[in-house]
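Residue-level structure breakdown
Residue strings, one per chain:
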Amino acid sequence: MKPPAFEYVAAESVEEATARLAEYGDDARPIAGGQSLVPMMNFRLVSPAVLVDIRRIAPPDAIGEADGHVRIGALTRHRALETSPLIRDRFPVLAAAMTHVAHLAIRNRGTIGGSLCHADPAAELPAMAVLLDARIHVARRNGERIVEAGAFFEGALWTALEDGEIVTRIDFPLLPPGTGWGFREFARRHGDFALAGAAATVTGSAGRAAEVRIALFGVGETPVRAAAAEALLTGTGFEPDAVAAAIDALRNAVDPDDDLHASADYRRHLAGILAGRALGDAWARAGGGAA
Amino acid sequence: MERTSIALTVNGVRHERKVEPRRLLSDFLREDLGLTGTHVGCEHGVCGACTVLLDGDSARSCLTFAVQCDGASVRTVEGLGEIGALHPLQESFRRHHALQCGFCTPGMLMTALDLLAKYPLATDEEIRAGLSGNLCRCTGYANIVAAVREAAAARGDDRP
Amino acid sequence: MSAGAPAGAAGTARPGIVGARVQRREDPRLLTGRGSYTDDRKAAGAVHVAFCRSDRAHARIAGIDAAQARQAPGVLGVFTAEDIAAVARPIRATSNMPDYRATEFAPLARGKVRHVGEPVAAVVAGDRYLAEDAAALVAVDYDPLPDITDPEEALADRVLLHEDAGTNLIAAREFARGDVDGAMTGAALVVEDRFRIRRKTPAAIENRCYLAEYDAGRQALTLHGSTQVPGLLRDALAEIFDLPGHRLRVVAPDVGGGFGAKASLYPEEVVVCALAMRLGRPVKWTGDRMEDLTATSQAFDEIVRAKLALDADGRMVGLEADVIGDIGAYSIYPWTASLEPVQVVSFLPGPYRIAAYRGRVRAVATSKTPTGPYRGVGRPVSTFVMERLVDMAARRLALDPAEIRARNLVRDEEFPYKAGSGIVWDRAGFQDCLRMALDRFGYAERRAEQAAARGDGRSVGIGIASYAELTGIGSRISAAPGMPINTGTERATIEIDSTGAVTAAFGIASHGQGLETTLAQIVAEELGVRVEDVDIVHGDSAAVAHSTGTYASRSIVLAGGAATLSARSLREQVVKAASHILEAAETDIEMRDGVVSVAGTDASITLRELARAFYTEMRRIPKEARESLDLSASATYDPFFGTTTAATHIAEVEIDPQTFGVAVRRYVVAEDCGRVVNPMIVDGQVHGGVAQGIGAALLEEVVHDDSGQILTGSFVDYVVPSAAEIPDIEAVHLDTESPSTLGGYRGMGEGGTIGAPAAVANAVADALSGLDIQINELPVTPERLFRLIRNTEGNEGEPRHGF
């Protein structure tokens, strides 16, 4: 399993990277950590004529806070998110999710921009982007744009990125105080892509859920927000009937596929179980709505 | 295909080579530098046999192009101890019979080194989770876990 | 670790090298990256092969266009079936077993392809990258043929895989003893089910790799390869290429695990040899994981209908089974396609006293990767089926699973016991292993904890599995029936050279078992030297005149026996030589730790000094002695029948009642593997075997789609357990000596894999005993549990939460 031949170009800046990508058109692919791209190349599932290495673009792994957001450079490694004190403080759900991403050796190399662009339906980081309403900064030659996470993922391994575009930064809007979180996934083997997963945040207020977010992954072409379930739980005190109705709603809303490891029915079942657990954790961490 | 010049340090020794861009770091180490201690088991990042330390962090050499390692520092199993002067982690593996066929062992050692540097490894559950990206078909893992457990305890105050 | 009598207690006083936790001789090189696996070997001018492999399960080859591939950069040639047929004789795994049909396999597909992954063309280039580039350019024109994927449908012979065989039924056999029909009709209870154990693959972490070098001057061929059976390959290749053995050498250097997958002759081995001779350059093929998962021999894949009859006291009175084995596309050389499925019916009665038995087996060819030997061969499946039946019966009779086993396991006074399939068990601790396992597990306390856990809504299950196996099989019983090879003997040659170094040469091929250490322990103890004084040569067809290799839990019994015989013979020679050199009576000569001395005196010399005196200092011994003595001895050991190994496994699992994830929490093995050479290594073998068995029970499955495509072509999709899925495994050993083998050894390399699928299956069934479901299919994945549980609830909706 050896990769096909390609031409290698190392870019030192966003401008250079986007210029090179534009120059080579759809024959070119950017490469950063390579943890998703290289396996596909080794299987010869993809054969880019040119790889534009963007790894050396500075700053490689900036994580900072500004204007009500935590901003994360696209070349930040999963491992840096896992360990960043700022992320642990502002988005503990994100730090927790990172510990479920494959294995240390992969997290050491894999970048968050790469994970978003690869857009595996079962990957944790895209689900986090969707859960946390991330804003994804995209650069192309002579321009840039911001894509909301909800519009970024268009299908399995398919995003809103156009040829020649790269992700440069991800902004996560800060969560309100008193927000609890939960993250659950189920994989057959530790570190594997999950058969299904769910993440939730609940912002409590006087015994009620003022805001509820639920993201599901591995149960469709893209990570999704369970909008109907969120609406059913907002304003409730997480009474069992309310939670059960929300679980039913999200099961009805997802559209998983059958594959080798799990049927659509089982995935739908798991989505409900895992969302229920994630919501329970989030509600408890939100102080049961007490804040 | 055009070759690209790279310079990198492997186990403290600087190497300059011209490589085809598609050359995997695993093949570069094994074929070009003759460092065959790094093994190749799947070439898709699952088995972990090819794990090396790249600028101090564990990495799959089968998922890394050598050309991306220009300027990098690589440590392979050959850079640990030697026969007659084993690294303490290698000693622990030997004492606990943590290897049988030995094929996964170099990757297991390099992964364990990185885990020992970065995680408390306070419980077997944590050790097992940390090692879960390295497949072994011979040992059933218990003795590998024991070897890493002992190495974790021996870190003393260096514990992360 | 050992319970029961300490090592050696049953025999004479021993120096204690055998039985000690000697650190492995192999480890320093393997730990430092200084091992030498086949792919590590560099040969000047070597070229690399990549195969163009079939992407069809069953098709006629209408044409192969290699013109473009031949023009690709770095390509030296593209070769197809005719090129190989010109120099290699065809290969058939023959057997004199009735109702067996050998299938011819061509190293490169001829006329037809019969499974996805079958090699069609070999592309030779300067390196593997270029060879793969060119292999992708080979255009094969296929005329599709109907796929043959379902073994039961294949039996109807509507489509034939091998037209010359005239049927897809490659082998059939029946064993019968006693009045089975009478037993069934007269029984108080009959339990029965249809069991399925899905196809799995050995998945050694080292992929297969071969390097052939042809010395045109000597006209000699050397094959280095990741194989368990260098001697067997040498003999096969000698036939295929019509070469004498002294011009054909097969070497297995360090080998990264085998588990049976590297114990057969493979097309790629023939191809690299043929091409090395044709091209006059070293030719290497380094298989990749996708090739391993599609073109290395696979295992299991059986459908077993079985019923067990018992009397009202839970005593077994009759057993009947019908086995269909899906053997894949070819009958593998030399073991034949009968190996795995026939062993299922041979071993199905297990360690139990059952008067009446009828077992029928049919081995069916399908358009899938060939099956072959895999750790446990047949017995993981037979044990799964039998142990499920035993638990099903216990439940119906309201007997504890431990109690029903105690009532039926063959008792000490009943050995030798002849089972219904004709297997004769020699004395082994069937009952002892059950008792020891229950003790170590803390069975009564755990059952109480289980009840408490259930009260808390947790699903905890405990599963027991007992089994017996034949190991160290000698010449009287073939490892596979009717094959024209001898698997019943092994040979050793031990030599003291002129420096006093001891070299012991064997034909077995250690590939993780630590035989460089354990055989050195045996030689050292028998000869009277230190372990570190002995070097073990193995894995080389040139080491001894005949050998087959390491497989079937045979190496310690057979090679250990040969080591014992030859070391004893050599010791006699040393004593005679020493009596001349030290001028003392032979009866006064002692040798310990490599020092030869005269009893009751301070006269002594080292082995080094003795060797120098013998070989170099010409006046130290008389000419007659020099000619009659030889500091070298060879011996062949034949255990004739072989011996019995037995064990009981106990697994405890907990099932998440909502996700259906199964976690193995505890695992105990009590084993009678005879005299233990090195308890550290024995425990390691148990751990590894159990881990593979847990994989078979919960995770590992080769999946094909309806058109015969393998969906599990990567380690992402073929799920080998990691450290996080395997619990600590406690092993206890009975450690009594086998009465049937020299040294008292029993083989034990496979047992873990034999017991674990059954123990885990029984534990899962126990955890779910509140539900009306049957655990009759492995692996029991979360998906299967989900479907089973939902179906019992009689609707298509969500399973109720909790059991």
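Just so it is clear, the model here is predicted, and its values are computed rather than measured. (Residues numbered from 1 in each chain as written. Chains lettered and ligands numbered in written order. Predicted model: local features only at pLDDT ≥ 70, side-chain atom pairs only at ≥ 80, totals over all residues. Heavy atoms only, no water.)

1. Regarding the overall build of chain B
Within chain B one finds five helices and five strands. Going from N to C terminus, chain B has its helices and strands arranged as β-β-α-β-β-β-α-α-α-α. Taken over the C-alpha trace, chain B has a radius of gyration of 16 Å; the compact-globule value for 160 residues is 15 Å, and the two agree within 12%. Across its three principal directions, the C-alpha atoms of chain B cover 50 × 30 × 30 Å. Here chain B displays about 5,000 Å² of accessible surface, and carbon together with sulfur accounts for 47% of that area. Counting 17 positive and 20 negative side-chain charges, chain B places the centres of these two groups 3 Å from one another. (Helix = DSSP H or I, 4+ residues; strand = E, 2+ residues; numbered from the N terminus. Rg over C-alpha atoms; globule rule 2.2 N^0.38 Å. Areas by Shrake-Rupley, 256 points an atom, 1.4 Å probe, with all protein chains shown as cover. Lys, Arg positive; Asp, Glu negative; His and termini not counted. Charge placed at Lys NZ, Arg CZ, Asp CG, Glu CD.)

2. A few points about the interface of chain B and chain C
Of the residues lining the interface, 50 residues belong to chain B; the matching set on chain C comes to 57 residues. Approximately 4,400 Å² of surface area, both sides summed, lies buried where chain B meets chain C, with 56% of it carried by carbon and sulfur atoms. Applying the counting rule to chain B against chain C returns six salt bridges. Secondary structure elements with two or more residues in the side of chain B that touches chain C: helix 1 (25–32), helix 2 (88–95), helix 3 (105–118), helix 4 (124–131) and helix 5 (142–153) of chain B. Among the elements that line the side of chain B that touches chain C, the one with the most residues is helix 2 of chain B, at four residues. In terms of residue class, the side of chain B that touches chain C is built from 21 nonpolar, 15 polar and 14 charged. (Contact = heavy atoms within 4.5 Å. Buried area = accessible area lost by both parts, 1.4 Å probe. Salt bridge = Lys/Arg side-chain N within 4 Å of Asp/Glu carboxyl O. Nonpolar A, V, L, I, M, F, W, Y, C, P; charged D, E, K, R; others polar.)

3. Some remarks on the pairing of strand 22 (residues 502–506) of chain C
Residues and elements named next belong to chain C. A large share of strand 22 lies buried, amounting to four of its five residues. With five bridges connecting them, strand 21 (residues 490–496) and strand 22 associate as antiparallel partners. Of the residues in strand 22, the one forming a bridge with Ile496 is Val502. Where strand 21 folds back onto strand 22 in an antiparallel hairpin, the turn is made up of five residues, including Gly500, whose phi is positive at roughly 85°. Summarising the sheet, strand 22 and strand 23 (residues 534–537) pair through four bridges and their orientation is parallel. Along strand 23, the bridge assignment pairs Val502 with Val534. (Buried < 20%, exposed > 50% of the residue type's maximum accessible area, 1.4 Å probe, protein only. Pairing = 2+ DSSP bridges.)

4. Points about the packing of helix 11 (residues 379–397) of chain C against helix 12 (residues 401–408) of chain C
Residue and element names in this part refer to chain C. With their axes 9 Å apart at the nearest point, helix 11 and helix 12 run at an angle of 115° to one another. It follows that helix 11 is roughly perpendicular to helix 12 by the angle criterion. The two elements helix 11 and helix 12 meet at a crossing, and its hand is right-handed. On helix 12, the residues touching Glu387, Val390, Asp391, Ala393 and Ala394 of helix 11 are Pro401, Ile404 and Arg405. Broken down by class, the residue content of the contact of helix 11 with helix 12 amounts to five nonpolar, no polar and three charged. (Axes fitted to C-alpha atoms, helices over the stretch in contact; angles between N-to-C directions. Parallel < 35°, antiparallel > 145°, perpendicular 65-115°, else oblique. Left-handed = near helix turned anticlockwise from the far one by under 90°.)

5. Structural notes on the sheet that holds strand 5 (residues 73–75) of chain B
Residue and element names in this part refer to chain B. Judged by pairing direction, the sheet is mixed, and its five strands sit side by side in the order 2-1-5-3-4 without closing on themselves. A single partner strand is all that each edge strand has here, and the edge strands are strand 2 (13–19) and strand 4 (57–60). Within the sheet, the average angular offset between the axes of one strand and its neighbour, ignoring direction, is 40°. Direction of pairing for strand 1 (residues 4–10) relative to strand 2: antiparallel, over a ladder of seven bridges. Opposite Thr4, over in strand 2, you have Val19 as the bridge partner.

6. A few points about the domain arrangement of chain A
All names here are of chain A. Under the domain assignment used here, chain A contains domain 1 (7–52), domain 2 (63–173) and domain 3 (179–285). Inter-centroid distance (C-alpha atoms) of domain 1 to domain 2 is 19 Å. Counting residues at the interface gives 13 residues for domain 1, matched by 14 residues for domain 2. Inspection of the region where domain 1 meets domain 2 yields zero salt bridges. Where domain 1 packs against domain 2, one counts zero residue pairs in polar contact (both at pLDDT 80 or more). The leading source of residues in the side of domain 1 that touches domain 2 is helix 1 (residues 14–24), at six residues. Along the lines of polarity and charge, the residues of the side of domain 1 that touches domain 2 split into eight nonpolar, four polar and one charged. (Domains from an automatic or database assignment. Polar contact = N/O pair within 3.5 Å; in protein donor to acceptor, adjacent residues only side chain to side chain.)

7. Side note on the interface of chain B and chain A
Tallying the contact residues gives 31 residues for chain B and 33 residues for chain A. When the two sides are added together, the surface that chain B and chain A hide from each other amounts to roughly 2,700 Å², 56% of it contributed by carbon and sulfur. For the pair chain B and chain A, the interface holds two salt bridges. Residue Glu43 of chain B is joined to Lys2 of chain A by a salt bridge in which the shortest nitrogen-to-oxygen separation is 2.6 Å. Inspection of the chain B/chain A interface yields 19 residue pairs in polar contact (both at pLDDT 80 or more). Residue assignment for the side of chain B that touches chain A shows that the elements contributing at least two residues are strand 4 and helix 3 of chain B. Take the side of chain B that touches chain A: its biggest share by element is four residues, from strand 4 of chain B. Among the residues forming the side of chain B that touches chain A, the class breakdown is 15 nonpolar, seven polar and nine charged.

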